[in-house]
Amino acid sequence: MRLSRRITGLTGGESDGWDLFLRARQMIAEGIAVTELTIGEHDTRTRSSILDAMDRSARGGHTGYAMVPGTALLRDTVAARVQERTGQRTTRDNVLITPGGQAALFAAHSAACDPGDTALFVDPYYATYPGTIRGVGALPRAVIARAEDGFQPRAEAIGTEADGAVSLLINTPNNPTGVVYGRETLEGIARVCQDRDLWLISDEVYDTQIWEGAHLSPRALPGMAHRTLVVGSMSKSHAMTGSRCGWIVGPEEAISHLITLATHTTYGVPGFVQDAAVFALGEGRDLEEEIAAPFRRRREMARHILAGQNAVRLSPTQGAMYLMLDVRATGLSGEAFAAALLETHLIAVMPGESFGKAAAGHVRVAMTVADDAFAKALKTLCHFAAQQASSLSGD
Ligand SMILES: Cc1ncc(COP(=O)(O)O)c(C=O)c1O
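Residues numbered from 1 in each chain as written. Predicted model: local features only at pLDDT ≥ 70, side-chain atom pairs only at ≥ 80, totals over all residues. Heavy atoms only, no water.

In the nomenclature of an unreviewed UniProt entry, the protein corresponds to aspartate transaminase from the organism Ruegeria sp. PrR005. Looking at the protein in UniProt, the text filed under Catalytic activity (unreviewed entry) is "L-aspartate + 2-oxoglutarate = oxaloacetate + L-glutamate". Under Cofactor (unreviewed entry), UniProt gives the following word-for-word description of the protein: "pyridoxal 5'-phosphate". (UniProt positions renumbered as here; feature names shortened; annotations may be inferred.)

Right, dumping it as structure tokens:
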């Protein structure tokens, strides 16, 4: 039977750049001791207090259909959190609960784009972005954020690509670069969105992982709340990746249509998961900071390990659970570097090329293994890079 172009064309016919990840996983399955620094998932599990709340809710009978837009309690809790952090009036009518941030990204693009519309996203990008845009029948168009600019996208670069576009997707704190967009960057983005009448889809799933500076949501900027769809999630902030609980915050009219979309797609999120999310969010910033702490600590460790050598350069790393390392001094592409590191030292990192053109010659390191293993792997990576760089210069 013929399958739709929309579903068969999701990856755009390109390699998705995850070959190395699959190779590492295969080696692990064969019993080879690979240090896995590829994937953005905590090395701790969901807190037992959160699981207790989930259990209490499920055993208390909250196992039937939940309200499609989300429970009133979770929508109110998310609204209050967003209002407190943005200063923008936010009520439950601005909130749709979704099965994770990924479903929110899909829904947000469904709200912003008609089939055939152009949707902008920033390169380097989180792996699913172009496919999510294709999934709603729109055409993805990349805006390059250059390594030389610390991976902060420039307003002019967005303006250059904006002809015929209806939306722009940004992500701060950023996966894969670990960069947090500054006020100047976000004000520039807001200006272009206003001048070119673009929806701004703001993926803020790492908003609690800030190592330097502060997280600024574009929803907080003047004149932006009515054209911004914020994507949030419990996955990273509360180590609840498997619970599939996220949200979209946006203007009431958009949310009311997105509730209709949810009625015809997901039909909501399990009530016991939502009650667990209410409990987790109720623990406030202390729990968020506790969950972010290992990454904050490892990022400090990395800064010390990487200081005093010049084969590997650390890109500005201000947030999220990743380091983006510039390995161009070795003369290798990110792909070749990652492949050689895996084969010779059993350390798996992601080639920058997996995240678009702008991160070529880089590798992304997820800070998601225990401190000792992390430090050891990073030292080995630096040593390997130094060897490559010196063989290049003929030393
Ligand atoms: C930038 C970014 N956005 C969205 C997601 C999706 O997260 P989830 O669907 O688990 O909320 C991820 C997951 O890694 C991510 O890195």
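Mapped onto the secondary structure, Thr 118 falls in strand β3 (residues 118-123). Not counting residues up to four positions away in its chain, the partners in contact with Thr 118 are Leu 139, Arg 141, Gly 164, Ala 165, Val 166 and Ser 167. (Helix = DSSP H or I, 4+ residues; strand = E, 2+ residues; numbered from the N terminus. Contact = heavy atoms within 4.5 Å.)

As a further point, take the site of the ligand. Not every one of the 15 residues close to the ligand is listed here, only the nearest: Gly 101, Asp 203, Ser 233, Ser 235 and Arg 244. One of the side-chain nitrogen or oxygen atoms of Tyr 126 is found 3.4 Å away from an oxygen atom of the ligand. Compared with its free state, where it exposes 400 Å², the ligand has 93% of that area covered by protein. Ranked by residue count, the leading element in the shell around the ligand is helix α5 (residues 100-112), at four residues. A breakdown of the residues in the shell around the ligand according to their chemical character gives five nonpolar, seven polar and three charged. (Near = heavy atom within 4 Å. Polar contact = N/O pair within 3.5 Å; in protein donor to acceptor, adjacent residues only side chain to side chain. Areas by Shrake-Rupley, 256 points an atom, 1.4 Å probe, with all protein chains shown as cover. Nonpolar A, V, L, I, M, F, W, Y, C, P; charged D, E, K, R; others polar.)

Okay, the domain arrangement of the protein next. Here the protein is partitioned into domain 1 (18-45 + 286-385) and domain 2 (64-283). With 32 residues of domain 1 at the interface, the matching set in domain 2 holds 35 residues. Together domain 1 and domain 2 conceal approximately 2800 Å² of surface at their shared face, both sides included; 54% is due to carbon and sulfur atoms. At the boundary of domain 1 with domain 2, the tally comes to five salt bridges. The closest approach of N and O atoms between Glu 288 and Arg 81, which form a salt bridge, is 3.0 Å. Put simply, domain 1 and domain 2 have 20 residue pairs in polar contact (both at pLDDT 80 or more) between them. Only α11 (284-306), β10 (322-326) and β13 (362-366) provide two or more residues apiece to the side of domain 1 that touches domain 2. (Domains from an automatic or database assignment. Buried area = accessible area lost by both parts, 1.4 Å probe. Salt bridge = Lys/Arg side-chain N within 4 Å of Asp/Glu carboxyl O.)

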